[in-house]
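A look at the structure
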Amino acid sequence: MASVGVLALQGDVREHVAVLQRIGVAAVEVRGVADLAGISGLVIPGGESTTMARLLVTGGLREPLTELLDGGLPVLGTCAGLIMLARRILDGRSDQWSLGLLDVEVRRNGFGRQVASFETVVEVTGIGPVAGAFIRAPQIVTVADGVTILATHDHGGGPTPVLVRQGHALGCAFHPELTGETRIHELFLSLV
Amino acid sequence: MTTSPDSSTVGSTLVKRGLADMLRGGVIMDVVNADQAKIAEDAGAVAVMALERVPADIRRDGGVARMSDPLLIQEIQATVTIPVMAKARIGHFAEAQVLESLGVDYVDESEVLTPADEEHHIDKWAFTVPFVCGATNLGEALRRIGEGACLIRSKGEAGTGNVVEAVRHLRTINAQMRRVHSADAAELAGLAKDLQAPLPLVREVAETGHLPVPMFCAGGISTPADASLVMQLGAEAVFVGSGIFKSADPVRMAEAIVEATTHFRDPSVVAKVSTGLGAAMRGSETATLEQRLAERGW
């Protein structure tokens, strides 16, 4: 398998690289256009989606990345990465753009500010219980046809999807990369 | 730390340190009003620090510097989508309680404000909101972590526009970590005594070679090249205080420091964003300072 890229403009890049290495996959940090060459998948890490969106534009990465993803490059987004993959963003900046590969609406900080951030166990279809950290996490509020819900979680107010897949894109509201978990990344690699 | 009905744990050490992990590679900017907060977010800041005066003005004005008016913090929270941090005085746990109740995302127990307690820092384990604290050396960093800090920033000398103290503190912490990392097990108790740091944390540094929490840099960063310098010296993100809004063109300076922090290893990017940037903040020679903020706290 060719190496998997981790978007390294900002955020918890190191944790994703470590998980990939732990399951025997070479990871390459993607900061510029040249780093996209030859990757067989891409991880968009946690961080601040507004910062990543801006740096993708200023670094000239937005168009080549959009082309690769529209062409079928498998992608995993966690937290801010999920926001970047969503078709529509609620409570974000009015001008916030996204890659739009997942036909879902996400609400930024939908589980609350940092003082509401939490750890829990999420039941994932086909995997079982997975430890996840929800840090100022986005909440998926609507899901269109064609999107598969792989996990939901009820943190009060009823269950909402927290792990979804559409085609070659996988979006995760929580951080499996912070809890020592590898199975979400293994699931992602099954798409690569 | 509390447990909610769905068996989730709110405010665990993992999620408190985890937010700091999410800020890595980014720039946290001091802002004194909602307009500045918007400029910071537009420029790509990963968080803002809400305060009434930037350190350069605190230094100029003198007097007692305290926690900001909650109204100012709320206005900034209503304006931006990125995390909002705010400062409490060293040892002033009541100010920290107020900031937590306002829902700020990180409390900075900061030497930039006038200390409220000369012997005790805040017991940060008692809070759900995470804390960042300054440090000038490894012992100070580990004492703060022992008290519950989830993020360390090297102190530098705030409000000077002079990066020399930031470099001194980063190099000191790094050199001391290398010393601990290369020590044998029998030496660690003596090192902990010399550093005046908790032995379990010294053991952790000995094993991993780095702090148990992220280490950012603050105090004197005022150009894109300054940001690149401290990132290359091992800082994982930068706090910029007076350096942006005391420069000739704050919008461009903010954008340039964000770019330089992400691409800190690429001098051609740092050169590009530095070109025609206008004057950085004026700055001051630290040898002539009347008040050294970094000496506050212990």
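Provided above is the structure to which this section pertains.
Not measured: the values here are computed from a predicted model.

**Structural notes on the overall build of chain A**
Tallying secondary structure elements over chain A gives five helices and twelve strands in all. Taken against the 2.2 N^0.38 rule, which gives 16 Å for 192 residues, the C-alpha radius of gyration of chain A at 15 Å falls within 12% of a compact globule. Judged by the C-alpha coordinates and their principal axes, chain A covers about 45 × 40 × 35 Å. Expressed as a percentage of its 192 residues, the buried residues of chain A come to 57%. Considering only contacts in chain A between residues 6 or more positions apart, those separated by 24 or more positions represent 63%. Charged side chains in chain A number 14 positive and 19 negative. The centres of these two groups are separated by 6 Å.

**Structural notes on the overall build of chain B**
Scanning chain B from N- to C-terminus turns up 13 helices and ten strands. The C-alpha radius of gyration of chain B comes to 18 Å, within 12% of the 19 Å expected for a compact globule of 298 residues. Considered along the principal axes of its C-alpha atoms, chain B spans approximately 55 × 45 × 40 Å. Counting the 298 residues in chain B, one finds 61% classified as buried.

**Some remarks on the pairing of strand 4 (residues 75–78) of chain A**
For a regular strand, side chains alternate in direction, first toward one face of the sheet and then toward the other. All names here are of chain A. With burial as the criterion, each face of strand 4 is covered, one bearing Val75 and Gly77 and the other bearing Leu76 and Thr78. Relative to strand 4, strand 3 (residues 42–44) runs parallel, the two sharing three bridges. By the bridge assignment for strand 4, Ile44 is matched with Gly77. As paired strands, strand 4 and strand 12 (residues 169–172) are joined by four bridges and run parallel to one another. From the neighbouring strand, Gly77 faces strand 12, where its bridge partner is Gly171.

**Side note on the packing of helix 2 (residues 34–43) of chain B against helix 4 (residues 70–79) of chain B**
Residues and elements named next belong to chain B. Remark: helix 2 packs on helix 4, axes separated minimally by 9 Å, with the N-to-C direction vectors making an angle of 35°. Seen from above, helix 2 lies across helix 4 with right-handed handedness. Residues Ala34, Ala37 and Lys38 of helix 2 pack against Glu75, Ile76 and Thr79 of helix 4. The residue makeup of the contact of helix 2 with helix 4, split by class, is three nonpolar, one polar and two charged.

**What to know about unusual backbone geometry**
All names here are of chain A. Of note, the phi angle at Cys79 is positive, near 60°, even though the residue is not glycine. Backbone geometry places Asn109, a non-glycine residue, at a positive phi of 50°. Along the chain, the position of Asn109 falls in the loop between strand 6 (102–107) and strand 7 (118–124).

**Quick look at the side chain of Glu41 of chain B**
Mapped onto the elements, Glu41 of chain B comes out in helix 2. At 3.1 Å, the side chain of Glu41 of chain B and the side chain of Arg93 of chain A are in polar contact. Within the local environment of Glu41 of chain B, its side chain forms a polar contact with the backbone nitrogen of Ile82 of chain B, the two atoms lying 3.3 Å apart. Setting aside residues no more than four positions away along its own chain, Glu41 of chain B makes contact with Arg93 of chain A together with Val80, Thr81 and Ile82 of chain B.

Parameters and conventions
Residues numbered from 1 in each chain as written. Chains lettered and ligands numbered in written order. Predicted model: local features only at pLDDT ≥ 70, side-chain atom pairs only at ≥ 80, totals over all residues. Heavy atoms only, no water. Helix = DSSP H or I, 4+ residues; strand = E, 2+ residues; numbered from the N terminus. Rg over C-alpha atoms; globule rule 2.2 N^0.38 Å. Buried < 20%, exposed > 50% of the residue type's maximum accessible area, 1.4 Å probe, protein only. Contact = heavy atoms within 4.5 Å. Lys, Arg positive; Asp, Glu negative; His and termini not counted. Charge placed at Lys NZ, Arg CZ, Asp CG, Glu CD. Pairing = 2+ DSSP bridges. Axes fitted to C-alpha atoms, helices over the stretch in contact; angles between N-to-C directions. Left-handed = near helix turned anticlockwise from the far one by under 90°. Nonpolar A, V, L, I, M, F, W, Y, C, P; charged D, E, K, R; others polar. Polar contact = N/O pair within 3.5 Å; in protein donor to acceptor, adjacent residues only side chain to side chain.

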